[in-house]
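# Understanding the architecture of this molecule
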Amino acid sequence: MHQPSPTPLERKLSAFAVLASEEREILTNLQGRSRPIVVGRDLVHQGQEKQSAYILTKGWVSSYKVSMEGDRQIVDFQVPGDFLGLRSVLLKTSDHSIEPITHVEVAEVSSAELLSIFSSHPRLAAAVLWAASRDEAMVVEHLIDIGRRNAAERTAHFLLELGTRLSLVGLGDRTGFECPLTQYHLADALGLSAVHVNRVLRQLREEHLLTFRRNRVTFDAYDRLVAFAG
């Protein structure tokens, strides 16, 4: 019997634990309830209470916060296989907004359902925890990007990180990945202006490190890029 291809979430969690067939079936059932979300409408609002968690099955979203002065800072981007709002379920209130960047599909998971699954399947809970902890570690790297790396190193590190995350779920490799982000998205995430991002991308291209063109990031010299980004 032909086995269906693993979903991005299954690929991601399998990197942290060997999942049994019953656990894979649970993941399949959870994602079977996917529904589309159109661009232009936030999936979650900052300060929203009593929300569910979501599994992103298709498309890209951004997590962002808005300051008292109205300035926006993108905290992270999420790709297929990522949980959305997992921390907010535990804290009861969302501390950030979630905005679709492309057409996306998500599967909603209530907090009660999530806790029930974690209680009955601790290995699956551990895999989700490990994956979430790694995602949080990447957010820490974003702080280092903004505080300690120069603009070119910051941009290179960020795009390498995205490439690593996408390769984990079968959507990228050492040659590069499809990327729907605009220079404005990168600017909001990296604490730079769009003009500065454009200048940095040109520098990286001219140094034959990476090329970002027509919605694709190409790693022209992967090992040199890794060394450059630190």
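Residues numbered from 1 in each chain as written. Predicted model: local features only at pLDDT ≥ 70, side-chain atom pairs only at ≥ 80, totals over all residues. Heavy atoms only, no water.

### Details of the overall build of the protein
Helix and strand content of the protein: nine helices and eleven strands. Scaling as 2.2 N^0.38, a compact globule of 230 residues should have a C-alpha radius of gyration of about 17 Å, and the protein matches this with 18 Å. The principal-axis extent of the C-alpha atoms belonging to the protein is close to 50 × 50 × 30 Å. Taking contacts inside the protein between residues at least 6 apart in sequence as the whole, the part at least 24 apart equals 71%. About 11,800 Å² of surface is accessible on the protein, with carbon and sulfur atoms providing 54% of the total. Side-chain charges in the protein split into 26 positive and 28 negative, and the spacing between the mean points of these groups amounts to 3 Å. (Helix = DSSP H or I, 4+ residues; strand = E, 2+ residues; numbered from the N terminus. Rg over C-alpha atoms; globule rule 2.2 N^0.38 Å. Contact = heavy atoms within 4.5 Å. Areas by Shrake-Rupley, 256 points an atom, 1.4 Å probe, with all protein chains shown as cover. Lys, Arg positive; Asp, Glu negative; His and termini not counted. Charge placed at Lys NZ, Arg CZ, Asp CG, Glu CD.)

### Structural notes on the confidence of the model for the protein
Scored by pLDDT, the protein comes out at a mean of 87, with 92% of its residues at no less than 70. Summarising per-element confidence for the protein, the mean pLDDT is lowest in helix 3 (residues 86-91) (69) and highest in strand 11 (residues 216-219) (98). (pLDDT = per-residue confidence, 0-100.)

### What to know about the pattern of salt bridges
As enumerated under the stated definition, the model contains nine salt bridges in all. One salt bridge in this structure joins aspartate 82 and lysine 12, with 2.5 Å as the shortest N-O distance. A residue pair is termed long-range when its members are at least 10 positions apart, and aspartate 82 in the loop between strand 4 (72-78) and strand 5 (83-84) and lysine 12 in helix 1 (residues 8-14) qualify at 70 residues. Take lysine 12: its relative accessible area is 3%, and that puts it in the buried class. (Salt bridge = Lys/Arg side-chain N within 4 Å of Asp/Glu carboxyl O. Buried < 20%, exposed > 50% of the residue type's maximum accessible area, 1.4 Å probe, protein only.)

### With respect to the sheet that holds strand 9 (residues 176-178)
Spatial strand order, 8-9-11-10: four strands in an open sheet with antiparallel pairing. Pairing within the sheet leaves two strands with one partner each, and these edge strands are strand 8 (172-173) and strand 10 (210-213). Here two bridges tie strand 8 to strand 9, and the two strands are oriented antiparallel to one another. When the bridges of strand 9 are listed, glycine 172 appears paired with phenylalanine 177. (Pairing = 2+ DSSP bridges.)

### Here we look at the side chain of histidine 185
Structurally, the position occupied by histidine 185 is in helix 7 (residues 183-190). Judged by relative accessible area, histidine 185 falls into the buried class, the value being 14%. A distance of 3.0 Å separates a polar atom in the side chain of histidine 185 from the backbone nitrogen of threonine 182. Excluding residues within four positions of it along the chain, histidine 185 makes contact with Arg72, Ile74, Phe77 and Ile101. (Polar contact = N/O pair within 3.5 Å; in protein donor to acceptor, adjacent residues only side chain to side chain.)

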